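Each chain, written out:
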Amino acid sequence: MTAYAAIVLSGGAARRMGGVDKPARPVGGRPMLHRVLAAVADAAPRIVVGPAGPVPGGVRVTRERPAGGGPVAATAAGLALLDPGAGTVALLAGDLPLLTPAAVTDLLAALDGSAADGACYVDDDGRRQQLCGVWRVAGLRSAVDRLAGERGGTVDGAPVRGLLAGLAVREVSWAGAGPPPWFDCDTDEDVRRAEEWTR
């Protein structure tokens, strides 16, 4: 098994849910954030970026600068806590309640031994689920630096697609048993669907 770290992004305005703390919403009796952290229980370190209530022991919590600066700023904040020699990191949204250890293992296997900078799931329509992937830390750090240079020294408000533009990505289709691990919860209806899958 490839050693890896994990950065879980728990910010976001959750406008389609009325501004609630979306990762704290329970699915199957557990907050979505905790379900994501359980899927990467073997990662070291595990870092949550953004607002977080109580988290499991050993999980580090930090904030992006400025607070509310978006997923790229949050990614940069998480990367800043990794050791200089860190090799691989799972970069995950905090609202992936169906993510499993097996799904993370499949991503790591797709990246391992390849020349790609990262591996992420694609949904049934072929769209990359970029916050459900694993990445080479050096490539992500270089991408943050490049994007900051293009934007006058800041990544505040930058889109994830801008961060990952130019990186070589292996696209992974979910072929395992059970629901798609990339399923994220943006609406109340999404939460209801996820609840049904976890029954």
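Residues numbered from 1 in each chain as written. Predicted model: local features only at pLDDT ≥ 70, side-chain atom pairs only at ≥ 80, totals over all residues. Heavy atoms only, no water.

Let us look at helix α2 (residues 71-79). Extensive coverage of α2 is indicated by the burial of 7 of its 9 residues. Each element contacted by the buried residues of α2 is listed here: β1 (5-9), β4 (46-49), β5 (60-62), β6 (88-93), α4 (137-150) and α5 (160-164). (Buried < 20%, exposed > 50% of the residue type's maximum accessible area, 1.4 Å probe, protein only. Helix = DSSP H or I, 4+ residues; strand = E, 2+ residues; numbered from the N terminus. Contact = heavy atoms within 4.5 Å.)

Following the criterion strictly, the structure yields 0 disulfides and no others. Just so you know, Cys-120 is unpaired, no disulfide at all, and the nearest cysteine sulfur is the one on Cys-132, 8.2 Å from it. Its relative accessible area of 0% is what places Cys-120 among the buried residues. For Cys-132, a relative accessible area of 1% gives the class buried. (Disulfide = S-S within 2.5 Å.)

So, about the packing of aromatic side chains. Inspection of every chain in the model, using the stated rule, returns 2 aromatic pairs. For the pair Tyr-121 and Trp-174, a centre-to-centre distance of 6.0 Å together with 80° between the ring planes defines the contact as edge-to-face. Placement of Tyr-121 in strand β7 (residues 118-122) and of Trp-174 in the loop between β9 (169-173) and α6 (188-198) is noted, with a sequence separation of 53 residues between them. Residues Phe-183 and Trp-197 carry aromatic rings whose centres are separated by 5.0 Å and whose planes lie at 80° to one another, so their mutual orientation is edge-to-face. (Phe/Tyr/Trp six-rings, centres within 6.5 Å; stacked < 30°, edge-to-face > 60°.)

Turning our eyes to something else, we now look at the environment of Gly-53. Following the sequence through the fold, Gly-53 ends up in the loop between β4 and β5. Residues Gly-53 and Leu-147, spaced 94 residues apart in sequence, show a C-alpha to C-alpha distance of 31 Å.

Time to look at the packing of α2 against α4. To describe two helices that pack against each other, one gives the angle between their axes and the distance between the axes. The interhelical angle for the contact between α2 and α4, taken along N-to-C directions, is 130°, at an axis separation of 11 Å. In terms of their interaxial angle, α2 and α4 are classed as oblique. Pair α2 / α4 crosses with left-handed handedness. In this structure, α2 contributes Val-72, Ala-76 and Leu-79 to the contact, and α4 contributes Val-137, Leu-140, Arg-141, Val-144 and Leu-147. (Axes fitted to C-alpha atoms, helices over the stretch in contact; angles between N-to-C directions. Parallel < 35°, antiparallel > 145°, perpendicular 65-115°, else oblique. Left-handed = near helix turned anticlockwise from the far one by under 90°.)

On to the sheet that holds β5. Hydrogen bonds between backbone atoms are what pair the strands of a sheet, whose relative direction is either parallel or antiparallel. Reading across the sheet, the 7 strands line up as β5-β4-β1-β6-β8-β7-β9 and stay open at both edges, with mixed pairing between neighbours. Each end of this open sheet is capped by a strand with a single partner; those strands are β5 and β9. Direction aside, the axes of adjacent strands within the sheet are offset by 25° on average. Direction of pairing for β1 relative to β4: parallel, over a ladder of 4 bridges. If you follow Leu-9 over to β4, its bridge partner there is Val-49. The strands touched by helix α3 (residues 101-111) are β6, β7, β8 (128-136) and β9; relative to β7, the strand with the most contacts, the crossing angle is about 130°. Along the sheet, α4 contacts β6 and β8; its crossing angle with β8, the most-contacted strand, is approximately 115°. (Pairing = 2+ DSSP bridges.)

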